[in-house]
Amino acid sequence: MRHDIAKELVSLCARNKDGSFATQADRVKILHAAARTLQKAGFQNLAASSLKPKHVETLLNQWKADGLATGTIKNRMAAIRWWAEKVGKQNCVPRTNDQAGIERRSYVATVSKAQVLDADKLEKIGHERLKVSMELQQAFGLRREEALKFQPSMATKASPESIALKASWCKGGRARTVPITTDYQREVLARAQKLAGSGSMIPPDKSYKAWLSTYKEATRTAGARRLHGLRHGYAQARFEALARFKSPAAGGPTRDQLTPEQRQVDHSVRLQISAELGHRREEITAVYLGR
């Protein structure tokens, strides 16, 4: 029987819904494209369970030949490792990116990507729930999916001093809390609560997928793009509030210019901000804050 590896991998993804909606959607796209790449390379009758090191090597060589960015290749390798794990072929995939010959990615920001919401562009957004979701992104450094799925009544139930983000809202299924420290955060939460009631920022008659499409179209039409920069803005403002000096990306001193005492503060603050943004590593803060 001839196998259609692309369909088989899509089916594998459908049976194993690990991670957030965005993570699942990206995984399907990556694995479908990988299957087609392998077919074009001559592996015409490959089954998902027949994964071998030569298949992984073929994909890596093609991605490098295509000139893909290091970060893109690493994201694709994560999907391949997921595939290998699901079919019991973990040993077919290099366990680390170094072993796979993937160069280290530079995470240090050389220019600030911080962004604040433009009042004029925000006014062009025709849906009040979308406006407040965008403000949640700015006020708490939330990812887009987190802001759309946000349930204010549930998020503030445990403590008035922080919001609690459920694992199902977050990238990688990592639940976290973000402190409430400013009047602006409280104002945004109040507006979100008024709109959502006991539900989420997604209207009751809409699915997440449909509301995400509405978000994308509304922000595109309003010219409010690249809103991931709101997370950068949150991180930089939070760093200055905690450290009492600006981050390098915001024009503050670099690590080499800090005193020993300031370096300790710098490291501690970065760990806290990493946790608030939903990351596990201090190193990733260099993307938002510089080094």
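Look up a bit, the structure's there.
Scope of this entry: the structure provided in the associated data block. From a predicted model like this one, the values you see are computed outputs, not experimental measurements.

## With respect to the nonpolar core
Judged by nonpolar contacts, the single largest core of 30 residues is most densely connected at L136, F140, L142, F150, I163 and L165. Contributions of two or more residues to this core are made by α6 (128-140), β1 (162-165), α9 (183-196), α11 (229-243), α12 (260-277) and α13 (285-289). Ignoring anything within four residues of it in the chain, the contact list for L165 reads L142, E146, F150, C170, A175, R176 and V178. Ranked by size, the runner-up nonpolar core spans 28 residues in total, among them L12, L59, M77 and A84.

## Some remarks on unusual backbone geometry
Of note in the backbone geometry, R226 takes a positive phi value of approximately 55° without being a glycine. Relative to the assigned elements, R226 resides in the loop between α10 (208-222) and α11. Owing to a relative accessible area of 76%, R226 belongs among the exposed residues under this scheme. Positive phi, close to 75°, is recorded for R244, a residue that is not glycine.

## Examining the environment of Q185
Considering the arrangement of structural elements, one finds Q185 in helix α9. Ignoring sequence-local partners within four residues, the contact set of Q185 consists of A139, F140, P179, I180 and Y234. Of note is the side chain of Q185, whose polar atom sits 2.9 Å from the backbone oxygen of A139.

## Side note on the environment of K40
Looking at the secondary structure, you find K40 in helix α2 (residues 21-40). K40 gets classed as exposed once you look at its relative accessible area, which sits at 77%. It is 35 Å that separates the C-alpha atoms of K40 and Y208, two residues lying 168 residues apart in sequence.

## Considering the pattern of salt bridges
Taken as a whole and assessed by the stated rule, the structure comprises 14 salt bridges. Its salt-bridge partner being D18, residue K86 comes within 2.9 Å of it at the nearest N-O pair. Of the two residues, K86 is situated in helix α4 (residues 70-86) and D18 in the loop between α1 (5-15) and α2; the sequence distance between them amounts to 68 residues. K86 gets classed as partly exposed once you look at its relative accessible area, which sits at 31%. The class of D18 is partly exposed, set by a relative accessible area of 29%. Salt bridges here are not isolated pairs; linked through shared partners, they connect E123, E128 and K131.

## Thoughts on the layout of surface pockets
Take a probe with the size of a water molecule and roll it over the atoms, and the empty space left behind shows itself. If you add up the space inside the second largest pocket, you get close to 280 Å³. Lining the second largest pocket are 14 residues; nearest its centre among them are Q138, A139, G233, Y234 and A237. If you tally residues by element for the lining of the second largest pocket, the top one is α11, at five residues. Among the residues forming the lining of the second largest pocket, the class breakdown is seven nonpolar, six polar and one charged.

## Re the side chain of R129
With respect to the helices and strands, the residue R129 is situated in helix α6. Although R129 is buried, it makes no salt bridge; D205 carries the closest opposite charge, 7.3 Å away. Among the polar contacts listed, one links the side chain of R129 to the backbone oxygen of S200, at a separation of 2.9 Å. Residues within four places of R129 in sequence aside, it is in contact with L195, A196, S200, M201, I202, P203, P204 and W211.

## Side note on the packing of α2 against α4
At a minimum axis separation of 9 Å, α2 and α4 run at an interaxial angle of 85°. Put simply, α2 runs roughly perpendicular to α4. Between α2 and α4, the contacting residues are R27, I30, L31, A34 and L38 on the first element and N75, R76, A79, I80, W82 and W83 on the second.

## Description of the packing of helix α3 (residues 53-65) against α4
In the contact formed by α3 and α4, the axes pass within 11 Å of each other and the chain directions differ by 160°. Between α3 and α4, the crossing angle belongs to the class labelled roughly antiparallel. Crossing of α3 over α4 shows right-handed handedness. In this structure, α3 uses V56, L59, L60, W63 and K64 to contact α4, whose residues at the interface are I73, R76, M77 and I80. Class assignment for the residues of the contact of α3 with α4 results in seven nonpolar, no polar and two charged.

## As for the environment of Q62
Within the secondary structure, Q62 is located in helix α3. Judged by its relative accessible area of 34%, Q62 is partly exposed. For Q62 and L38, which are 24 residues apart along the polypeptide, the C-alpha to C-alpha distance reads 9.6 Å.

Reading guide: rules and limits
Residues numbered from 1 in each chain as written. Predicted model: local features only at pLDDT ≥ 70, side-chain atom pairs only at ≥ 80, totals over all residues. Heavy atoms only, no water. Core = buried A, V, L, I, M, F, W, Y, C linked by side-chain atoms within 4.5 Å. Buried < 20%, exposed > 50% of the residue type's maximum accessible area, 1.4 Å probe, protein only. Helix = DSSP H or I, 4+ residues; strand = E, 2+ residues; numbered from the N terminus. Contact = heavy atoms within 4.5 Å. Polar contact = N/O pair within 3.5 Å; in protein donor to acceptor, adjacent residues only side chain to side chain. Salt bridge = Lys/Arg side-chain N within 4 Å of Asp/Glu carboxyl O. 1 Å grid on protein atoms, 1.4 Å probe; cavity = no way out; pocket = protein on both sides within 12 Å on 5 of 7 lines; lining within 4 Å. Points joined across faces, edges and corners; volume = space filled by probe spheres on them. Nonpolar A, V, L, I, M, F, W, Y, C, P; charged D, E, K, R; others polar. Lys, Arg positive; Asp, Glu negative; His and termini not counted. Axes fitted to C-alpha atoms, helices over the stretch in contact; angles between N-to-C directions. Parallel < 35°, antiparallel > 145°, perpendicular 65-115°, else oblique. Left-handed = near helix turned anticlockwise from the far one by under 90°.

Nothing here speaks to function; it is geometry throughout.
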